[in-house]
Amino acid sequence: MLSELFSPLHLRSGQILGNRIVKAAMEGGMAGAGQVPDERLRVLYRRWGAGGSGLLITGNVMVHAQALTVPGGLVLDDAVPLEPYAAWAEAGKAGGAAMWMQINHPGRQVLAGMPGVVWGPSAVAVDLGRRSKLFGRPVAMTCEQIAATVARFGTTAALAERAGFDGVQIHAAHGYLLSQFLSPLVNRRADSWGGSLENRARMLLDVVREVRAAVAPSFAVAVKLNSADFQRGGFDVDDARRVITMLEPHGVDLVELSGGSYESPAMSGHATDTRTRAREAYFLELATQLVTASPLPLMLTGGITRRHTAEDVLAGGVALIGMGTALAAAPDLPHRWREGREADKQPRRVTWPDKTLASAAAMALVRHQMRRIARGRSPAPGTHPAYALATDQLEQRRSLRRYRAWLSVPTPPD
């Protein structure tokens, strides 16, 4: 009998995904000149598209040119050329996969020294203890800035559709701006954007409505949401359940469940909260609490590397399996699973005691594999995390110089 992993999924927009395996979004930091995709991303996504996944979700594409998660971040707004994005979409879809663009705004999660703006629902800085200075100091957004940001999401979604993407995923997880508005720890506003969960979810719902109105009914609209922030007093599984219900009337096709933020990096298996201890499917326990009551199909991402784990997740009622690190280490893993094989090597885990540094190294390892594939090489799962982190920091410094020049912001003296 054919595994459910390889059965199609019909979405409310009418889109049909060929199977249940998704290349989940990963921050690549690989923008070319002008903060747009170049040949490297085309090579990378063509390889993933040929690997057997039913859906590819891009890494962050930012809606605001002055607010990037990393200096090598991609930007899509009215001021950038659309042709590089059209070529990227064509490359990813060449193997038969659907391709969605993840659209995002970092809010307060902007590295210190980056030009541009550092915004948040409130002036609450990222707390990493002695490493807190890694991020800029945020200012609370005005109502006018909130409205302008909502409009930017709609603009980017419309441009993604024009470029040939099949859908967008609105990023409201991992401590980025929309996640910050949802969090009672970060959102301390006393106006209609803060306080109750209904108020804290207002910006996300406004973004969803803006995006849905800007694209065709057949264009997929998804949301990435934390199952929990993994911080005491933060956004939790009960909040997630209520937000999913709020999203249903607004034309959302799918909700991807993840968890954590830079303060508690559960998404890379390094939460400060003890509720995610599994080596695989980090958020499965929380997902099972949400799936029975969810009016929308759910996708689960976080630590899935083996077929039997993916099968267990689907058996629990989750509709789609999202994988990032596993597909950076083995881009053809879906084809291998179909043939009854696993990856030759499992992705290397970073077990350093400093969770912030371990999370940074884990993400650097993933980017290292992505850059190798983008150069036409094979992944190297055995790469030492310290080497990946050092080379990633060098790449970010080069990207920062290019980004400053693009924004016409002088480079400060050393």
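In short, a report on the structure. (Residues numbered from 1 in each chain as written. Predicted model: local features only at pLDDT ≥ 70, side-chain atom pairs only at ≥ 80, totals over all residues. Heavy atoms only, no water.)

Let's talk about the overall build of the chain
Let me state the cut-off plainly: Strands here mean DSSP runs of E at least two residues long; helices mean DSSP runs of H or I at least four residues long; both are numbered from the N terminus. Radius of gyration: C-alpha atoms only; globule rule: 2.2 Å multiplied by the number of residues to the exponent 0.38. When accessible area is computed with a 1.4 Å probe and restricted to protein chains, residues below 20% of their type maximum are described as buried, those above 50% as exposed, and intermediate ones as partly exposed. Note on definitions: a residue-residue contact is assigned when non-hydrogen atoms from the two residues lie within 4.5 Å. Note on areas: Shrake-Rupley with a 1.4 Å probe; residue coverage comes only from the protein chains shown. The charge count includes Lys and Arg as positive and Asp and Glu as negative, but it does not include His or the ends of the chains. Lys charges are placed at NZ, Arg charges at CZ, Asp charges at CG and Glu charges at CD.
Helix and strand counts for the chain stand at 13 helices and 14 strands. Computed over C-alpha atoms, the radius of gyration of the chain comes to 19 Å, within 12% of the 22 Å expected from 2.2 N^0.38 for 414 residues, which places it in the range of a compact globule. Its C-alpha atoms put the chain at 55 × 45 × 45 Å along the principal axes. Relative to its full complement of 414 residues, the chain shows a buried share of 61%. Intrachain contacts of the chain at a sequence separation of at least 6 include 71% that bridge at least 24 residues. For the chain, the exposed surface amounts to about 15,700 Å²; the carbon and sulfur share of it is 52%. Looking at the chain, you have 47 positive and 37 negative side-chain charges, and the mean spots of the two groups are 6 Å apart.

Points about the nonpolar core
Note the following rule: In plain words, nonpolar cores are sets of buried Ala, Val, Leu, Ile, Met, Phe, Trp, Tyr and Cys residues tied together by side-chain atoms within 4.5 Å.
Counting residues in hydrophobic clusters, the biggest one holds 101 residues, and the most contacted among them are Y85, I170, L204 and L247. The element contributing the most residues to this core is helix α3 (residues 143-163), with 7 residues. Residues L11, L17, L55 and W100 belong to the second largest nonpolar core, which totals 16 residues.

Description of the side chain of N19
Applicable threshold: Counted as a polar contact is a pair of N or O atoms within 3.5 Å, where, for protein atoms, one must be capable of donating a hydrogen and the other of accepting one, and residues adjacent in sequence contribute only when both atoms are in side chains.
One can find N19 in the loop between β2 (16-17) and β3 (21-23). In this structure the side chain of N19 is engaged in a polar contact, spanning 2.8 Å, whose partner is the backbone oxygen of G52.

Considerations on unusual backbone geometry
For Q35, which is not glycine, the phi torsion reads 60° and is therefore positive. Within the element layout of this structure, Q35 appears in the loop between β3 and α1 (39-49). Of the residues examined, Q35 reaches a relative accessible area of 2% and is grouped as buried. Phi angles above zero are rare outside glycine, and H174 is one such case at about 60°. Within the secondary structure, H174 is located in the loop between β10 (167-172) and α4 (177-182).

A short note on the side chain of Q169
By the element assignment, Q169 lies in strand β10. Its relative accessible area of 0% is what places Q169 among the buried residues. Other than its neighbours up to four places away in sequence, Q169 contacts I57, M101, Q102, I103, A222, V223, K224 and E256.

A closer look at helix α2 (residues 83-93)
Here is the rule we go by: Throughout, the arc means that of the directions going from the helix axis to the C-beta atoms.
Buried within α2 are the following residues: P84, Y85, W88, A89, A91 and G92. All buried residues of α2 lie within an arc of 160° about the axis, which places them on one face of the element. Among the exposed residues of α2, those pointing more than 90 degrees away from its buried face are E83 and E90. The inward-facing, buried residues of α2 abut α1, β4 (55-57), β5 (61-62), β6 (74-75), β7 (98-104) and α3.

A few points about the pairing of β10
Worth spelling out the cut-off: At least two DSSP bridges between two strands are needed for those strands to be called paired.
Of all 6 residues in β10, 6 are buried; the element is thus mostly enclosed. Note that β7 and β10 share 4 bridges and pair parallel. By the bridge assignment for β10, M101 is matched with V168. Bridging between β10 and strand β11 (residues 220-226) involves 6 bridges; their strand directions are parallel.

Structural notes on the pattern of salt bridges
The following threshold applies: Salt bridges are identified by distance alone: a Lys or Arg side-chain nitrogen within 4 Å of an Asp or Glu carboxyl oxygen.
This structure, assessed with the given rule, holds 21 salt bridges. For the salt bridge of D354 with R130, the shortest nitrogen-to-oxygen distance reads 3.3 Å. Of this pair, D354 sits in the loop between α11 (333-338) and α12 (355-374) while R130 sits in the loop between β8 (119-120) and β9 (139-140), and the two are 224 residues apart along the sequence. Overall, R130 belongs to the exposed group, its relative accessible area being 71%. The partner of R341 in a salt bridge is E339, with the nearest N and O atoms 2.7 Å apart.

With respect to the packing of helix α7 (residues 237-247) against helix α8 (residues 284-291)
Inclusion rule: The axes are straight lines fitted to the C-alpha atoms, using for helices just the contacting stretch, and the angles between their N-to-C directions are given from 0 to 180°. Any angle between 65 and 115 degrees counts as roughly perpendicular, while under 35 counts as roughly parallel, over 145 as roughly antiparallel, and the rest as oblique. When the near helix sits turned anticlockwise from the far one by under a right angle, the crossing is termed left-handed; a clockwise turn instead gives a right-handed crossing. Under this grouping Gly is polar, as are all residues other than the nonpolar Ala, Val, Leu, Ile, Met, Phe, Trp, Tyr, Cys and Pro and the charged Asp, Glu, Lys and Arg.
Packing of α7 against α8 leaves a shortest axis separation of 10 Å and a crossing angle of 45°. Here α7 is positioned oblique relative to α8, judged by the angle of their axes. Where α7 crosses over α8, the two elements pack in a sense that is right-handed. Contacts between α7 and α8 involve V237, A240, R241 and I244 on the former and, on the latter, L286, Q289 and L290. Tallied by class, the residues present in the contact of α7 with α8 amount to 5 nonpolar, 1 polar and 1 charged.

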